[in-house]
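# Fold and geometry: a report
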Amino acid sequence: SQDLIASSHSADVIAFIGRMQKERGVKEWIQIGQRFDQGHLLLIGQGPLSEVFRESLPNAHFLGSLSNAQVQETWSRIGVLLSTAPHESYGLTMREALLHGVPVVSRRNVGSIELHAEFPELISVYSSVDEADAQIREFLSSKSSTTMESEFRRFRESFFEKQDKYLEKLALAWSNEL
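The text that follows walks through the structure, step by step, so that each part is easy to find. (Residues numbered from 1 in each chain as written. Predicted model: local features only at pLDDT ≥ 70, side-chain atom pairs only at ≥ 80, totals over all residues. Heavy atoms only, no water.)

This brings us to the packing of aromatic side chains. Summed over the entire model, instances satisfying the criterion amount to 6 aromatic pairs. Aromatic pair Phe16 and Phe53: ring centres 5.0 Å apart, planes at 65°, arrangement edge-to-face. Here Phe16 is found in strand β1 (residues 14-17), whereas its partner Phe53 is found in helix α2 (residues 50-56), with 37 residues between them in sequence. A relative accessible area of 0% places Phe53 in the buried class. Taken together, the aromatic side chains of Phe119, Phe155, Phe159 and Phe160 make up a single cluster linked through ring pairs. If you follow Arg54 out to its NZ or CZ, it ends over the ring of Phe62, 3.7 Å from the centre. (Phe/Tyr/Trp six-rings, centres within 6.5 Å; stacked < 30°, edge-to-face > 60°. Helix = DSSP H or I, 4+ residues; strand = E, 2+ residues; numbered from the N terminus. Buried < 20%, exposed > 50% of the residue type's maximum accessible area, 1.4 Å probe, protein only. Lys NZ or Arg CZ within 6 Å of the ring centre and 35° of its normal.)

Written out as structure tokens, the structure reads:
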């Protein structure tokens, strides 16, 4: 549904969502996460580095692998999505966070730079652990403002408009092949 208005987000929860593997920047996520109260860290996913997460952040909330429906229910508990993947071309999870009214702090990469250029109020990009720490604290301390709410609305409208155009192109391409 297009009406994914943010409900009351837990203001202080920092989340990881995805496959727990080297390509997701797990070790950097841990470095950043260790600067915060582990009780405020929410880890969703599974993968070869799951145990590294568990050992390094023993007091974090580790939910393991969830169904898509369960992840959708969890967004309302998240204050910030931290994405540490060094290489991200599209950033599906980042877009999903924004659709649910959750701001994003992301390692500087192709996907995050593009999103940040269009929605600088909603997504911050960082190059160092110190920058990430400061950006997370900034989002967590700023209560949801009217500006942010209107930016989330603008993101949703833009997202669905682009999706509709893509689907129209795809349908046209398929009809031309028939």
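This paragraph deals with the pairing of strand β2 (residues 41-44). Along β2, one buried face is formed by Leu41 and Leu43 and the opposite face, lined by Leu42 and Ile44, is buried too. Sheet topology places β1 next to β2; 4 bridges connect them, and they run parallel. Looking across to β2, one finds that Ile17 is bridged to Ile44. Taken together, β1, helix α1 (residues 26-33) and β2 constitute a β-α-β crossover, and its handedness is right-handed. Bridging between β2 and strand β3 (residues 61-64) involves 3 bridges; their strand directions are parallel. The residue of β3 that forms the bridge with Leu42 is His61. Handedness of the crossover joining β2 and β3 through α2: right-handed. (Pairing = 2+ DSSP bridges. Right-handed = clockwise from strand over helix to strand, strands pointing away.)

Attention shifts here to the side chain of Arg95. With respect to the helices and strands, the residue Arg95 is situated in helix α4 (residues 92-99). Of the polar contacts made by the side chain of Arg95, one reaches the side chain of Glu114; its length is 3.4 Å. With near-sequence residues (within four places) excluded, Arg95 lies in contact with Tyr90, Glu114, Leu115, Phe155 and Phe159. (Polar contact = N/O pair within 3.5 Å; in protein donor to acceptor, adjacent residues only side chain to side chain. Contact = heavy atoms within 4.5 Å.)

Here we take up the nonpolar core. If you look at the biggest cluster of nonpolar residues, it comprises 48 residues, and the most contacted ones within it are Trp29, Leu43, Phe53 and Ile136. Not counting chain neighbours up to four residues away, the residues in contact with Phe53 comprise Phe16, Met20, Val26, Trp29, Ile30, Leu43 and Phe62. (Core = buried A, V, L, I, M, F, W, Y, C linked by side-chain atoms within 4.5 Å.)

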